[in-house]
Amino acid sequence: MAAENGTFDLPPAGHLQWIGSTGPDQFKRVGHRYRELLVEDTELEPHHMVLDIGCGTGRIAIALADLLRPPGGYVGFDVWREGIEWCRRNIAARRPEFTFVHADIDEPHLNPRGRVPVGAWRFPAADASIDRALSLSVFTHLDGPTARHYLAELARVLKPGGRGLLTFFLLDAAGTARVADWPSGRTLLAGPRDPLLTRFGKDLFAAWDPDQLDGAVAAAGLVVGGREPGDWCGRPLVRADRPHHQDHLIVTRPLA
Ligand SMILES: C[S@@+](CC[C@H](N)C(=O)[O-])C[C@H]1O[C@@H](n2cnc3c(N)ncnc32)[C@H](O)[C@@H]1O
């Protein structure tokens with residue numbers, strides 16, 4: 001049975017599993033936490049237009065629903081059709097300034113009959129139309145060429161001065177030690193400038209050398225405005241009052 005969260009039902013258990021959430025409480029806690037982080041780290045304001053890259057089943061949209069107000073709004077997209085359909089029925093139906101787009105990408109494990117090669121996928125937003133972007137636990141699932149394409153698309157849709165909060169697994173010393181536990185038999189070879197990849201079931205996992213990621217961000221025309229390590233690989237948090245699991249990167253589209 002769906003639980004209540006303010007005026008919104010929460011998604012069914014199978015949807016929480018798809019996004020790796022352990023249950024309704026964690027779903028709400030993480031959504032609320034990233035709403036706070038977007039306000040603190042990107043100065044998100046109610047009139048902003050927000051893009052959610054890989055929005056899953058509405059965890060962030062629900063958390064932002066009582067913050068964003070027209071002319072502000074939200075657009076989320078995901079390769080997972082069922083998640084998008086749930087978001088349309090349960091969120092967009094009540095909040096027309098929230099829109100959800102199915103990315104019909106040819107992804108054999110997540111969207112087997114998809115029609116668009118991922119390299120041809122255009123984010124569902126006009127050039128220079130987005131104030132703030134979020135991608136929570138999505139770049140951690142993308143191979144190198146897809147991540148580079150998504151960074152270029154992010155640069156296209158952000159307004160000059162617009163910002164994004166993106167999460168990654170970064171291979172500093174602690175990260176490198178942690179991914180040594182990734183099953184080596186299933187670690188996929190990638191190009192020399194690509195992240196380290198492994199596959200668990202339907203999900204690809206990607207971990208980046210920090211310098212290579214900085215290079216990819218710069219090549220897309222974005223600037224790294226801040227970074228903060230998470231505790232995913234056992235390292236202590238820089239600030240205990242700012243708990244988060246994956247490594248954070250704030251990227252900005254330069255003004256000129
Ligand atoms: C761990 S879930 C996170 C979902 C959401 N960001 C959240 O935090 O609730 C990862 C999401 O990325 C989506 N995804 C994976 N590859 C994608 C791609 N190439 N484009 C868009 N979404 C993708 C998956 O379908 C899944 O919903």
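Residue indices begin from 1 for each chain and proceed along its sequence in written order. Local features in a predicted model are, by the rule used here, given only for residues with pLDDT of at least 70; side-chain atom pairs are given and counted only at 80 or more, and totals for whole chains, interfaces and linings are based on all residues. Hydrogen atoms and water are omitted, and side-chain values are computed over all heavy atoms in the structure.

The name given to the protein in an unreviewed UniProt entry is Methyltransferase family protein, with Stella humosa as the source organism.

**Section: the overall build of the protein**
Counting secondary structure elements, the protein contains seven helices and twelve strands. The size measure is the radius of gyration over C-alpha atoms, and the globule rule it meets is 2.2 Å times the number of residues to the 0.38 power. Its C-alpha radius of gyration of 17 Å places the protein within 12% of the 18 Å reference for a compact globule of 256 residues. Each principal axis of the C-alpha distribution contributes one length, and for the protein these read about 45 × 45 × 45 Å. Three labels apply to residues, based on accessible area from a 1.4 Å probe with only protein chains included: buried if under 20% of the type maximum, exposed if over 50%, partly exposed otherwise in between. Of all 256 residues assigned to the protein, the portion counted as buried reaches 50%. Should any heavy atoms of two residues lie within 4.5 Å, those residues are considered in contact. Long-range contacts, defined here as pairs at least 24 residues apart, represent 68% of the contacts in the protein between residues at least 6 apart. Helix and strand definitions here come from DSSP, where helices need a minimum of 4 consecutive H or I residues and strands a minimum of 2 consecutive E residues; each element is numbered from the N-terminal end.

**Some details on the nonpolar core**
We define a nonpolar core as any set of buried Ala, Val, Leu, Ile, Met, Phe, Trp, Tyr and Cys residues linked to one another through side-chain atoms lying within 4.5 Å. Residues Leu-51, Phe-123, Tyr-150, Leu-154 and Leu-222 are the most contacted members of the largest nonpolar core, which totals 33 residues. Where this core is concerned, the elements lending two or more residues are strand 3 (49-53), strand 4 (73-78), strand 6 (130-135), helix 5 (144-157), strand 7 (158-168), helix 7 (210-219) and strand 12 (247-252). Looking at this core, the element that brings in the most residues is helix 5, giving six residues. Not counting chain neighbours up to four residues away, the residues in contact with Leu-154 comprise Ile-53, Phe-123, Ala-133, Leu-166, Leu-222 and Val-251. Grouped together as the second largest cluster of nonpolar side chains are 30 residues, Phe-8, Ala-61, Leu-64 and Trp-86 included.

**Here we look at the environment of Phe-77**
Structurally, Phe-77 can be placed in strand 4. Among the residues examined, Phe-77 registers a relative accessible area of 2% and is labelled buried. Through-space distance from the C-alpha of Phe-77 to that of His-149 is 15 Å; in sequence the pair is 72 residues apart.

**Section: the UniProt feature "domain: Methyltransferase" (unreviewed entry) in the protein**
When the UniProt feature table is mapped to this numbering, "domain: Methyltransferase" (unreviewed entry) covers residues 50-162. For residues 50-162, the helix share is 28%, the strand share is 23%, and the end-to-end C-alpha distance is 10 Å. UniProt positions are given in the numbering used here, feature names are shortened, and annotations may be inferred rather than shown by experiment.

**What to know about the sheet that holds strand 4**
Strand order in the open sheet formed by seven strands is 5-4-3-6-7-12-11, with mixed pairing between adjacent strands. Of all strands in the sheet, those bounded by a partner on one side alone are strand 5 (98-102) and strand 11 (223-228). Along the sheet, successive strands turn relative to each other by an average axial angle of 15°, direction set aside. Strands are treated as partners if at least two bridges between them are detected by DSSP. Bridge count for strand 11 against strand 12 is five bridges, and the pairing is antiparallel. Bridge assignment links Gly-226 to a residue of strand 12, and that residue is Ile-250. Relative to the sheet, helix 2 (residues 24-42) contacts strand 6, strand 7 and strand 12, its axis offset from that of strand 7 by approximately 135°. Contacts between helix 7 and the sheet are confined to strand 7, strand 11 and strand 12, with strand 11 contributing the most and set at about 145° to the helix. Lines fitted to the C-alpha atoms define the axes, with helices restricted to the stretch that makes contact. Angles between their N-to-C directions range from 0 to 180 degrees.

**Focus on the site of the ligand**
For this description, a residue counts as near a given molecule or strand if any of its non-hydrogen atoms is within 4 Å of it. In the vicinity of the ligand there are 17 residues, among which Gly-54, Arg-59, Asp-78, Leu-136 and Tyr-150 approach most closely. Within the backbone of Leu-136, an N or O atom sits 2.8 Å from a nitrogen atom of the ligand. When isolated, the ligand has an accessible area of 590 Å², and the protein chains bury 96% of it. Residues are grouped as follows: Ala, Val, Leu, Ile, Met, Phe, Trp, Tyr, Cys and Pro are nonpolar; Asp, Glu, Lys and Arg are charged; all remaining types, including Gly, are polar. By residue class, the composition of the shell around the ligand is eleven nonpolar, four polar and two charged. The term polar contact refers here to a pair of N or O atoms within 3.5 Å; inside protein, the definition further demands a hydrogen-donor-capable atom paired with an acceptor-capable atom, and it admits residues adjacent in sequence only when both atoms are side-chain atoms. Every accessible area reported is derived by Shrake-Rupley at a probe size of 1.4 Å, with residue values counting cover from the shown protein chains alone.

**Examining helix 7**
Since there are 3.6 residues in each turn of an α-helix, residues three or four apart along the chain are aligned in direction. Among the residues making up helix 7, those that are buried are Leu-213, Ala-216 and Val-217. Taken end-on, helix 7 shows its buried residues confined to a sector of 100°, consistent with a single buried face. Residues of helix 7 that are exposed and angled more than 90 degrees away from the buried face: Asp-211, Ala-218 and Ala-219. Next to the buried residues of helix 7 lie helix 5, strand 7, strand 11 and strand 12. For helix 7, the N-terminal cap is Asp-209; the gap from its side-chain oxygen to the backbone nitrogen of Asp-211 is 2.9 Å. Phi turns positive one or two residues past the end of helix 7, at Gly-221, with a value near 90°. Along the arc lie the directions from the helix axis toward the C-beta atoms.

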